[in-house]
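So the chains spell out like this:
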Amino acid sequence: MVQPVNDRGGYAELHCTSNFSFLQGGSHPEELVTRAAALGYAAVAITDRGSLSGIVRAHAAAKEAGIKLIVGAVVEPVDAVPLVLWAANATGYANLCRLLTAGLMKHEPPRQGDEDQPTAWSGGDDTGCRLTADEVAAHAEGLLAGLPLARLPATDESAVTAIRAWQERLGDRLYGLAEVAREGDDHERLEAFARLSRCTRLRLVAAGDVRYHDRNRQPLHDALAAVRHGGTVEAVRARLLANGERHLQEPERINDRFAGLPGAVARTLEVADRCHFSLDELRYEYPDASVPAGRTPGAYLAELSWKGARQRYPNGVPMKVADLLEHELALVTELGYEAYFLTVFDLVRFARRRGILCQGRGSAANSAICYCLGITSVDPARMSVLFERFVSRERQEAPDIDIDFEHHRREEVLQYLYGTYGRMRAAMTAEVICYRLRSAVRDLAKVLGFSLDRVERLARVLDVGDTLEHLPGRLAEAGLDPASEAGSRLVTLAGQLVGFPRHLGQHVGGMVMTRGDLCELVPIQPATMTGRTVIQWDKNDLDELGMLKVDCLALGMLTAIRRAFDLVEQAGGPQLTLATVPAEDPAVYEMVSRADTVGVFQIESRAQRTMLPRLKPTCFYDLVIEVAIVRPGPIQGDMVHPYLRRRQGDEPVHYPNRAIREVLEKTLGVPLFQEQAMRLAVVAAGFTPGEADQLRRAMGAWRRPGVIDEFHRRLVDGMLARGLSRTFAEQVFQQLRGFGEYGFPESHAASFALLVYVSAWLKRHHPAAFTAALLGSQPMGFYAPAQLVRDAREHGVAVLPVCVQASGWQATLEVDGKGAEADISQPAIRLGLEQVHGLGETAGRRIEQVRRAGPFASVDDLSRRCRLDRDELLHLARAGALKSLAADRRQAVWRAMQRQPEPGSMPLFEAVDGGLLPAEPGATAAEPGLPPATPLEEVIADYRTAGLSLTAHPLQFARRQLAREGVVTAAVAAALPEGRRVKVAGVVLSRQRPATAKGTIFLSIEDESGVANVVVRTAVWQQCGPQDRRAAALLVVGRVQRRGAVVHLLATRLTACQTPAESSPGQAEREPLVVGLPRMSRDFC
Amino acid sequence: MPRIMTIWLPRWPVQRILVEQPSLRSQPVFVCRRNHRGLLMVAAWAWAMPPARPAGRRPVIEPGMSLAEAMAVLASAYGSRSCRMVHVADEDAVGDRQALETLARWSRRFAPVVAVGPSPLGSAAGRLTASEVDTAASDCLQLDVTGTADFFGGEPGLARTAAWTLAARGLHARAAIADTPAASWAAARHTAAVAAACTQQPARRQGHWLNRQQRWVVVPPGRQQQLLAGLPLAALRLSAEVTAALVEVGVESIGHLLQLSRASLRQRFDRLVTLRLAAFLGETAEPLQPPDGEPLPTSSHTFDLPVLSCDLTSDDLPALCDRLVRACLGPLAVLGKGVTGLQVRLNGGGSRPPTVIDVGLFRPAASAAHLVELIMLRLSRTRLPREFAGVTVEVVSAAPLPCRQQLLFDTPDSAAAVQAGPQVAGLLDRLASRLGRAAVVEPRLLADAQPEAAWAAVPVAGVAGLPPARVASGRAGKEGAAGTASAGGSCRPTFILPRPQPLEVLAVAPEGPPVRFRWRGRLHDVAQVRGPERIETAWWRGPTVRRDYYIVETGGGGRFWLFRGLRQQTWFLHGTFG
């Protein structure tokens, strides 16, 4: 193939910028490495600017392509010319990481909210790595350095000075990188390099300053430069490279190019030989947990586990659990994961000490060990078979435990980790934020010079799920011919840009901790959020290197449950924990089977509530299935209906053989969990566990063609070879394919199911506390506060309005404040000040605190004692929270509008200088000229300021007119027979466009009688205008569809109920029904 | 009691365009402005003659919508084809104002005092802070019609005549007469509602039977408080913020607002609210301000009898112009101004249109000799009418004369500009008069890798003290060029051909340098070669330019700049050195 370039046979490219120098390189590291291998290079270095983010990908690709990878980075010290650094050995690598960490940690991260702008952080010309030459020198051990001579000062004297400055620091580890790119004076340049080399005895090496693997990436590289500099390509053309020569060159061209510099090409191999570091040498070690002196971690873990077991089972540890525990402990000791479990235990112990509710999930979390250590609360005795996929001996797979914490308090846990391990030993995992189609099109259209207006339109026509194939069609929709010159340029570049990393974000919760210094494994940099640090690798990189992370996730429901437990206790109820909530309460399952689950974790969505009456869960494991089944994976794999039929006994369950029966028995022959999919591949198609693991990883990548065909063939062949029918094989394949979309592992489902049960139990037995807790944990879940309150009231709970005299910051329970219609056994909910739109938490808490000294006498009293400014008072007044202090809401607002004295003026002197407040008589008194508000206006004001109204529903006021037009209430519509044509009006609560529903939109609309579920086919949706699509309230014409207890409305026409006030009146068909109602909808599309 | 008539021209920016370009009446016309993010936002729009009734609901396009959104609304009403017919114009507040001033002059037929409104409510109310002065665009005329109505058969007759006379000129206008400018402004915006109130019809039902095209209304003296009480707050020109706050407490009409105590209003809102109320009720005078700006000097000479051009000696016309120009310069000199634009009209005898010469200058001039020279330069290029009856010189624009102070510490640029300024500007004026402004250009270097695109001929802009042409960094493509070793390389020939010329070239290696080439029939042997310099660029403009440039020295001593087009592997000559 490729001829050896010289007698020693080869060339090593020592200076390659990948796209992990964000917005600078024009190729993925994998592409560079693969191309270098194909060209016959002896080695290739990936040297990004101040970053090792792309190095693990390059490492994996290099192993596959069989080429040597040199790990390096470019540093640009503030006081010296830039330098390419290569890690010669492990010490050098550790030093490089330390050095970059030191430089990066000096950087001030950009403020949040600037994300539109390409900031320094996301790759402006400043890489964020601030270093000095002395710092580089201090970390130079084990590193080799190359000085890009083309970037030296122009005159020989200053160039020599710059070289000498580095030579003094680095000695013989410094090379000069001779880089030319066919710019007309290559010959002269090489001569100049040679001259410098003679003056300074600097050894010259050939290099290419490579920016992309292939010449055809030049346009993309130019476009990225334009994005970086924030102008069009035309505008920044002065900064572009004049040609596309900075790609990986064919070896013979390299020889031609450096013919004038003998030995420079051969010396690349010398450098490559001196660099013998590989990422495989990295030894990741889990941090030592604090083990008491004289005990091994294993013994300590066993001790803690047995102690925990005795606490969990005061009446004696069941045999089954004891066996499990023995088995698991042995396995853990054998594989050396004790420290991991002890660390997780430490974290959970900390959270529990602080009173932070937490729960583990993940493959290892549902082990007996974790239950006994208190990491999870899913009793292994309560589950049937779960732990087969614990920590497997064959696959060297790290145990996987994710821990959910209360979302408000997760930061405490993270800071505890930082505190325990120190900034240099613990950091968060990064998440590489990549270009998606929409962002790629937006950025490219901008730099290609489309008008901003057009850019907006292009970006707007792209839906979230669109892929490249959709692009030409979408461009046409936006009025841009994709075949035109500009259009095809955009399409081509977008195709290349999608998937390019744009900047480093942080993973939702993955913490990495190490025994030694983490900053010697990977550079650490500050995150956007103050007080956080992230490493430069993402979770795939960690997987590749076998590094463990603990996922500390934030879960709103845990906050709500913790709050509900507290409220129950405050109201005189029992003290509850996740584990002590009474198990298997039939009343709870009865409620769940009725789909009465608004607010319950996971099973409150519309799709789940349609499923519940059909599934009728009766035990904990049914909840596990319920959680797992309504997922895109099982839905796309068409597993839902077979499961339901079999569960209802309409279809016999048939297993082809016993092994398959073992795997699928608990889910009636239908694979619902990820583990089952993998086991199925093992027992039915003869995969090894390792291959099954590959299968699991591949599931996520199945959108890519090629991957899928290979597995398809192997699966079907394997099953046919085992005597299974082709039909069965194809069916299994389709089911597995579904998991490619999104599947749930059983262990996750089990942990979630526990929260489902606990929240359902709370809803069933303590609805007031439960709703108050949910209101205090917003935003979360599927429903807005208005629906939660409505649901609570339907369950007989009294809800009292926000009031400065009674409300805390969060919703509270009032035992003696029962409304007339209230259920006597339940306390009333007092809405919290946090419902008041616009009011800050500090002001709200201050009101709560100040009031303890005595109720407020007047608005003035309130404003003075709580030091509230005009805006805060206005927010309170608008929300009706001042009603107890003023005649009505309008008077309160009028009072609050009054201008206040300048801040800093002394209240004492105000009266003296005729300050603003008492100056004009009558100004503070009620204003008689204000017209009183109508009930409808009151309700609309409630909706605008608090998102909910306790007095009435806005549509109630239009009911007479609606009735004249033949519009019925949702409750009436729900009782109509199948197929009946009906008109319903309502406030839009949610819009959903699930990826699995082929563009169908699901709307929930609400009127005073209840909620109607509307199904809108794509065609109907397309027909209605933008005003109708985004209206706050809709009039729906449609047909009733009944599926068992579930009623839908199949819409044939949608019209906005609310015509804008300014529309020309002659055209409006009717008076607007509801004017000024804000949009309440939660949109998931 | 004064009586004020307001003539409101709804969507004035669009109306103006439609009057100026009547052909646009069949198209949807949008006038847009750019917001801070550069997005086009609709300022006004109209479709004078849509092809059919909208398919769906009548499009609701409000000022402030983004153009893209407006197009979506338009498409949903009239189908997507309508979007392709759209004419988009940039907002031109100055042009709007000027056109309105012209209209104001025309409207003097109705009353002696005509102002372009709405008035800013400044002078009468005393000092207002910058934030209090509202900067609403002008879209109406306000006329003091006290006592002039009788010429038109009473106030109704006047208002009707005003509205319909404008309609005959193709302008949609609404007219209202009331006691104060503010009240008549409010009434003009809501003619239908006010007319309903005047005829004592219930206002709620107005939409159903009253003529919405009600174009004029008269509010009888002293009754604005009563008849306009039902109008929305916007009719008082209160800021959106104040209006929103008042609406929030249920105060939605002027009548409601009048019920609130002024003291409590003052405590809550800025002064403008009470000022507007007072102006509305006539408690504060709000005098009309006719369009400002002093007339620019003009002078003319009419011959006793039309003269024949051929009878004039070569000195007559310059002497006459000199006299007229000096007459114009006198009043300007008092103001410290010089002429930047001048119009000379040779008024033809009888019905022939005048011959007009426009002279524009690069910097204000106060020298009659210079101006006359420019006029004569232009005249020498103009065909004179055979005979003409008179000459008029009108100053079209003037600007303060620069009083340039010598700098204490000169930068090289400023020193050169100061010294060269007057002379260069004078030369430029003369050249431009002779050749036309577009013909006087200066070359500018542009940073572009493609040699043809690396410079541009830019018309000399503006006044003397020319901004120094940006010196491009020789060669494009030095990322952050400063401080890098880019000395060589960027060698460019002295003469560059306007377009590369194909050459016959012999090269030995397929990618190697040229050895021999034929140009203008002669064979040239290459003695020395430098390069190649590869240029690959311009992909964003069209096809990528891919070339390898060589500087060659021939045996004959000539130095040439050649390149090989990498696409077709053909050779071109692109320039020569010396």
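Only a predicted model underlies this, so the values are computations on that prediction, with no experimental measurement involved.

Conventions we followed
- Residues numbered from 1 in each chain as written.
- Chains lettered and ligands numbered in written order.
- Predicted model: local features only at pLDDT ≥ 70, side-chain atom pairs only at ≥ 80, totals over all residues.
- Heavy atoms only, no water.
- Helix = DSSP H or I, 4+ residues; strand = E, 2+ residues; numbered from the N terminus.
- Buried < 20%, exposed > 50% of the residue type's maximum accessible area, 1.4 Å probe, protein only.
- Areas by Shrake-Rupley, 256 points an atom, 1.4 Å probe, with all protein chains shown as cover.
- Phe/Tyr/Trp six-rings, centres within 6.5 Å; stacked < 30°, edge-to-face > 60°.
- Axes fitted to C-alpha atoms, helices over the stretch in contact; angles between N-to-C directions.
- Left-handed = near helix turned anticlockwise from the far one by under 90°.
- Contact = heavy atoms within 4.5 Å.
- Nonpolar A, V, L, I, M, F, W, Y, C, P; charged D, E, K, R; others polar.
- Salt bridge = Lys/Arg side-chain N within 4 Å of Asp/Glu carboxyl O.
- Pairing = 2+ DSSP bridges.
- Expected span 1.5 Å × (residues − 1).
- Arc of directions from axis to C-beta.
- Buried area = accessible area lost by both parts, 1.4 Å probe.
- Polar contact = N/O pair within 3.5 Å; in protein donor to acceptor, adjacent residues only side chain to side chain.

Colleague: What is the right way to look at the overall build of chain A in this model?
Modeller: Within chain A one finds 44 helices and 23 strands. Of all 1085 residues assigned to chain A, the portion counted as buried reaches 59%. Total accessible area on chain A stands at roughly 43,100 Å², and carbon and sulfur atoms take up 51% of it.

Colleague: In this structure, what is going on with the packing of aromatic side chains? I would like to understand it.
Modeller: Between two aromatic rings, the relevant description is the distance of the centres plus the angle of the planes. All names here are of chain B. Across all of its chains, the model carries 19 aromatic pairs over all chains by this definition. A ring pair is formed by Tyr550 and Trp571, whose centres lie 5.8 Å apart and whose planes are at 35 degrees; its orientation type is tilted. Here Trp571 lies in strand β20 (residues 570-577) and Tyr550 lies in strand β18 (residues 545-554), a separation of 21 residues in the sequence. Judged by its relative accessible area of 7%, Trp571 falls in the buried class. Look at Phe563 and Phe572: their rings are 5.1 Å apart centre to centre, the planes differ by 20 degrees, and that puts the pair in the stacked class. On the basis of relative accessibility, which here comes to 3%, the residue Phe563 falls in the buried class.

Colleague: Explain the packing of helix α22 (residues 606-615) of chain A against helix α23 (residues 620-629) of chain A here, please?
Modeller: For any two helices packed against each other, the geometry comes down to the angle between their axes and how far apart the axes lie. Residues and elements named next belong to chain A. Their axes nearest at 11 Å, the elements α22 and α23 cross at an angle of 145 degrees. Here α22 and α23 pass one another in a crossing that is right-handed. For the pair formed by α22 and α23, the contact residues are Gln608, Met611, Leu612 and Leu615 on the first element and Asp622, Glu626, Val627 and Ile629 on the second. By residue class, the composition of the contact of α22 with α23 is 5 nonpolar, 1 polar and 2 charged.

Colleague: Sorry, what's going on with the pattern of salt bridges here?
Modeller: Close approach of charged atoms allows side chains of opposite charge to pair. All names here are of chain A. This model, assessed by the stated rule, comprises 83 salt bridges over all chains. Between Arg562 and Glu406 there is a salt bridge whose closest N-O contact spans 3.3 Å. Of this pair, Arg562 sits in helix α20 (residues 556-570) while Glu406 sits in strand β9 (residues 402-406), and the two are 156 residues apart along the sequence. Relative accessible area serves as the criterion here: at 21%, Arg562 is assigned to the partly exposed category.

Colleague: How do you make sense of the sheet that holds strand β15 (residues 799-800) of chain A when you look at a structure like this?
Modeller: Where strands meet in a sheet, backbone hydrogen bonds hold them as pairs that are either parallel or antiparallel. All names here are of chain A. Read from one edge to the other, the open sheet built from 3 strands follows the order β15-β17-β16, with strand pairing classed as mixed. Among the strands making up the open sheet, the edge pair consists of β15 and β16 (812-814). Strand direction decides the pairing type here: β16 and strand β17 (residues 828-830), joined by 3 bridges, are antiparallel. Across the sheet, the residue bridging to Thr812 is Arg830, located in β17. Each of β16 and β17 touches helix α32 (residues 767-775); the most contacted strand, β17, lies at about 15 degrees to it.

Colleague: Sorry if this is basic, but what is going on with helix α5 (residues 156-170) of chain A here?
Modeller: Quick reminder: α-helices carry 3.6 residues per turn. Residues three or four places apart thus point the same way. Residues and elements named next belong to chain A. Here α5 spans 21 Å end to end across 15 residues, near enough to the 21 Å set by a 1.5 Å rise per residue. Buried residues of α5: Ala159, Val160, Ala162, Ile163, Trp166, Gln167 and Leu170, and no others. Down the axis, α5 shows its buried residues gathered within 160 degrees of arc, on one side only. Opposite its buried face, α5 presents the exposed residues Glu157, Thr161 and Glu168, each directed more than 90 degrees away. Packed against the buried residues of α5 are β4 (83-87), α4 (133-138), β5 (143-148), β6 (174-178) and α6 (186-200). Once α5 ends, the next one or two residues include Gly171, with phi positive near 60 degrees.

Colleague: For this particular structure, what's the right way to read the interface of chain B and chain A?
Modeller: By convention, interface size is frequently given as the accessible area that disappears when the constituent parts associate. Residue-level contacts link 66 residues of chain B with 67 residues of chain A. Of all residues in chain B, the largest losses of buried area upon contact with chain A belong to Gln267, Arg268 and Trp539 of chain B, amounting jointly to 15% of the total for that side. Scanning the region where chain B abuts chain A turns up 9 salt bridges. We note a salt bridge from Arg182 of chain A to Asp548 of chain B, for which the minimum N-O separation is 3.0 Å. In this assembly, chain B and chain A are joined by 20 residue pairs in polar contact (both at pLDDT 80 or more). Put simply, the parts of the chain that give the side of chain B that touches chain A at least two residues each are α2 (67-78), α10 (240-248), α11 (254-259), α12 (262-268), β17 (522-537) and β18 of chain B. In terms of residues, the side of chain B that touches chain A owes the most to one element, β17 of chain B, which gives 8 residues. Partitioning the side of chain B that touches chain A into residue classes produces 25 nonpolar, 17 polar and 24 charged.

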